[in-house]
Amino acid sequence: MVNTMNILGIETSCDETAVSVIDASAKNEITVLSNVVSSQVKLHARFGGVVPNLAAREHAKNIGKVFELALKESKTKSVKDIDLIAVTRGPGLGPALLIGLTFAKALAWQNNLPIIGVNHLLGHVYSNWLKEARLDEKKLFPTINLIVSGGHTELSLMSKHNKQKIIGETLDDAIGEAFDKVARLLDLGYPGGPIISKYASQGDPNKYPLPRPMIHSKDFNFSYSGLKTAVLYLLRDLKEKMVEINENVRADIAASFQEAATDVVIQKTIKAARKYKVKSIMLSGGVSANNSLREKLLSACKNSDFAFYCPEMKYTTDNATMIAIAGYYEFKHKKTANKWRNILMDANLSI
Ligand code: KG4
Ligand code: ZN
């Protein structure tokens, strides 16, 4: 392998068309050369959520332009300077994923480049691996990953690169989905996370006692649909009592909901970290942009003596930089495991 590698990342699993170029040095220092994200949020907002076929159509329209911009911004003169393509293969919306995957495969075939399919959630985990973060892997592993996004709430035990075990996940709605649904109940629009956290910062988190589903369960699974329903009933009761749902009431509901939602993931993450005697806790996924979650988890980690890592804000929501980094580590692993030939032209790569 050459001393440094340029990796092209491609991400189209949901409503962001994203292409990035990173440089990975021989010492595994990751430098971001470009990180282009074209968001479709406005398009889907009027439907209150992402419409898969619309998302796919937008990806198909935009991916070429986003790719060219990512190459241009990275100053890699052409695709000839790329050493590896990493593309999200799932989980995500089928029609949306297929656009990125087909684009990546065509590029790989045309330029005789190796291609790696990346798990989207593993991608989120690797959003923590940028050079600026100066991760010390000796202090990191084993770690508990708390991955919180619009589609997933997952706890996994990671003892080293390419060694991960899922220890808990949501049984129904994901935490991000709950933020989105509560925002809809409060008529705050889509996506719900950023707007709920803005309202919550003005509200009283103890105003309305809301349930913390499964907080004391013996396993590490989660459930968020009951919390969303509790907000629905709270709103119904307030309306029956003729309470006006004004900005103050909205802020208090948002704060109470956010407090309940974050309490559960934090308590279970710390419990898992103690059980598995890890050195650190690593947060990732779109909901990791939530300041209250970051602060509360950081202070819980300090109290329990675990190192805490979370991604830079701009890499919390979907992007292709994280996919490129995860692809790089996967590539290194496969190469050392002598599976290089299998991925040189992975014609079978699918979602
Ligand atoms: O990781 P992501 O970009 O896409 C998926 O893989 O699902 O996560 C999107 C989710 C959405 O549900 C959005 O509402 C949530 O992340 N989110 C937030 C915040 N920013 C985005 N949730 C809470 N607080 C935020 N500040
Ligand atoms: Zn995501």
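Everything below is about the structure shown above.
In this text the structure is predicted, and so the values were computed from the model without any measurement.

What counts, and where the lines are drawn
Residues numbered from 1 in each chain as written. Chains lettered and ligands numbered in written order. Predicted model: local features only at pLDDT ≥ 70, side-chain atom pairs only at ≥ 80, totals over all residues. Heavy atoms only, no water. Helix = DSSP H or I, 4+ residues; strand = E, 2+ residues; numbered from the N terminus. Salt bridge = Lys/Arg side-chain N within 4 Å of Asp/Glu carboxyl O. Buried < 20%, exposed > 50% of the residue type's maximum accessible area, 1.4 Å probe, protein only. Donors = N, O, S within 2.8 Å, 3.2 Å for Na, K, Ca; no water. Pairing = 2+ DSSP bridges. Right-handed = clockwise from strand over helix to strand, strands pointing away. Phe/Tyr/Trp six-rings, centres within 6.5 Å; stacked < 30°, edge-to-face > 60°. Lys NZ or Arg CZ within 6 Å of the ring centre and 35° of its normal. Near = heavy atom within 4 Å. Polar contact = N/O pair within 3.5 Å; in protein donor to acceptor, adjacent residues only side chain to side chain. Areas by Shrake-Rupley, 256 points an atom, 1.4 Å probe, with all protein chains shown as cover. Axes fitted to C-alpha atoms, helices over the stretch in contact; angles between N-to-C directions. Parallel < 35°, antiparallel > 145°, perpendicular 65-115°, else oblique. Contact = heavy atoms within 4.5 Å.

**Concerning unusual backbone geometry**
In this model, G90 is joined to P91 through a cis peptide bond whose omega is -5°. With respect to the secondary-structure elements, P91 resides in the loop between β4 (84-90) and α3 (94-111). In this structure, P142 follows F141 across a cis peptide bond, with omega equal to -5°. Summarising the element assignment, P142 is placed in the loop between α5 (137-140) and β6 (143-148). A positive phi angle is found at N28, which is not glycine, with a value near 65°.

**Examining the pattern of salt bridges**
A complete count under the given rule lists eleven salt bridges for this structure. When the shortest N-O distance is used, the salt bridge between D173 and K228 registers 3.6 Å. On the criterion of sequence distance, the pair formed by D173 in the loop between β8 (163-169) and α6 (175-185) and K228 in helix α8 (residues 225-240) is long-range, its members being 55 residues apart. The same class applies to D173 and to K228, which are both buried.

**What to know about the coordination of the zinc ion (ligand 2)**
For the zinc ion (ligand 2), the protein coordination sphere consists of H120 (NE2), H124 (NE2) and D318 (OD), at 2.0 to 2.1 Å. When the donors of the zinc ion (ligand 2) are listed by position in the chain, the intervening gaps give H-x3-H-x193-D. Within this pair, H120 and its partner H124 are both found in helix α4 (residues 120-126), separated by four residues, close to a single helical turn. Judged by its relative accessible area of 6%, H120 falls in the buried class.

**Some points on the pairing of strand β9 (residues 280-284)**
Taking burial as the measure, the five residues of β9 include five buried ones, the bulk of the element. Residues S280, M282 and S284 line one face of β9 and the alternating positions I281 and L283 line the opposite face, and both faces are buried. Relative to β9, β6 is paired through five bridges, and the arrangement is parallel. Paired with N145 across the bridge in β9 is M282. Examined bridge by bridge, β9 and strand β10 (residues 307-309) share three bridges and lie parallel to one another. Residue pairing across strands places S280 opposite A307, the latter belonging to β10. Since β9 and β10 lie parallel, the crossover through helix α10 (residues 291-304) that links them has a hand, and here it is right-handed.

**Considering the packing of aromatic side chains**
We describe a pair of aromatic rings using the distance from one ring centre to the other and the angle between the two ring planes. Enumeration over the complete set of coordinates arrives at eight aromatic pairs. Centre to centre, the rings of Y126 and W129 are 4.6 Å apart; their planes meet at 35°, and the pair counts as tilted. There is no split in this pair, since Y126 and W129 are both buried. Through a chain of ring-to-ring contacts, the aromatic side chains of Y126, W129, F141, Y328 and Y329 assemble into a single cluster. One residue, K268, lies across the ring of F222, its end atom 5.7 Å from the ring centre.

**Overview of the site of ligand 1**
Neighbouring residues of ligand 1: 18 residues in total, closest H124, G150, D180, G193 and G286. The separation between an oxygen atom of ligand 1 and a polar main-chain atom of G151 is 3.3 Å. In the model, an oxygen atom of ligand 1 is placed 3.1 Å from a nitrogen or oxygen of the D318 main chain. The protein chains hide 89% of the 550 Å² of surface that ligand 1 would expose on its own.

**Focus: the packing of α6 against helix α9 (residues 247-275)**
One can describe the packing of α6 onto α9 by two numbers: an axis separation of 11 Å at closest approach and a directional angle of 175°. By the angle class used here, α6 and α9 are roughly antiparallel. In this structure, α6 uses I175, A178, F179 and V182 to contact α9, whose residues at the interface are F257, Q258, A261 and V265.

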